[in-house]
Amino acid sequence: MNKIGYQILATIIVYCVFPYISMANTSNDSIYYNLVGKADTAIANNDWSGAETLLLSALQCQPTNQSNVLLISNLAIIRYQQGKDSLALATINHAHSIAPNSVTILSNRAKILKAMHRIDDAYNDYQRIIELDSTLIEPWYYHGLIALSNGDIHTAQNDFSHLEQLAPNDALTLEAMAMLHFNTHQYEQAIPYYTKLINQSPAADFYIMRITCYLILKRLSDASADINDALKLYPLEGELYLLRSWLNRQYYQHKEADADAQKAIELGISPERIASIPN
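Residues numbered from 1 in each chain as written. Predicted model: local features only at pLDDT ≥ 70, side-chain atom pairs only at ≥ 80, totals over all residues. Heavy atoms only, no water.

The next thing to look at is the environment of P202. In this fold, P202 is placed in the loop between α10 (187–200) and α11 (204–216). Using a relative accessible area of 35% as the deciding quantity, one classes P202 as partly exposed. Sequence separation of P202 and K84 is 118 residues, and the distance between their C-alpha atoms is 34 Å. If we skip the residues at most four places from it in the chain, P202 touches L197, Y207, L233 and Y234. (Helix = DSSP H or I, 4+ residues; strand = E, 2+ residues; numbered from the N terminus. Buried < 20%, exposed > 50% of the residue type's maximum accessible area, 1.4 Å probe, protein only. Contact = heavy atoms within 4.5 Å.)

To continue, consider the nonpolar core. In terms of nonpolar packing, the biggest core is built from 78 residues, with F160, Y194, I211, L215 and L243 touching the most fellow members. Ignoring any residue separated from it by four or fewer positions in sequence, one finds F160 in contact with W140, Y141, G144, L145, L148, A176, M177 and L180. (Core = buried A, V, L, I, M, F, W, Y, C linked by side-chain atoms within 4.5 Å.)

Now for helix α2 (residues 48–61). Relative to the 20 Å expected for 14 residues at 1.5 Å per residue, α2 spans 20 Å between its end C-alpha atoms, a close match to the ideal helical length. All buried positions along α2 are accounted for by W48, G50, A51, E52, L54, L55, A58, L59 and C61. (Expected span 1.5 Å × (residues − 1).)

The next point concerns unusual backbone geometry. The phi angle at H185 is positive, at roughly 65 degrees, despite the residue not being glycine. When you line up the elements, H185 lands in the loop between α9 (171–183) and α10. With a relative accessible area of 59%, H185 lands in the exposed category. Phi at K218 takes a positive value of approximately 65 degrees, unusual for a residue other than glycine.

Quick look at the structure:
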């Protein structure tokens, strides 16, 4: 066959084979995105084991896909949800090595590190996120919360001040400011934040914290009203009976206080907590 003949044959092969290559790629893409979609459904249904299997299949289907770094990050969280903390951390570290400036990956790693009680490492990740994107709410909240728990009041105040500027009415901001004032013994200043939180979502914890503030400040009628309202919503919350026992002691109603203390114990409050109630 002459040179021209070889060229014609090569051209024929390209045009005949290319459609099949294109169809194969299209089919592969379809399989990949189908697996990812099924994984999303499994995650929505809290089917963590199923989601893990599906994401691993997607990663094997297209190991060079540029979207894989996000799948690897999601895989880490899925493993974290299954209690596979060490494997989850290794997975998220792999994702971080691919995209070291991804705030999503850093946020996921910080969550895993906190679960593993590696608080200082989580703190460093939140610090890095803040440096990369100072408009995000959660990093300021958790960075400040860790600082507060470490006794670094100055950093906590700075972080929570940024939160108030970013989102003054966000629940995380209100909770941060309430905790800051409570932990620095500024109970009067904490109360308005707990009030806003209760108005947004009347969670038992918010009632408990506001009642505690009222009792410390000897605002007994306010504490009594809050306890009555909270018990209507959470009749099996032991902390509320503990607080009512405290309140009754302030009124020298010892029989009622003892009954509430016993009820609190029945609902899971330790006797040591009961013994710590101020007289």
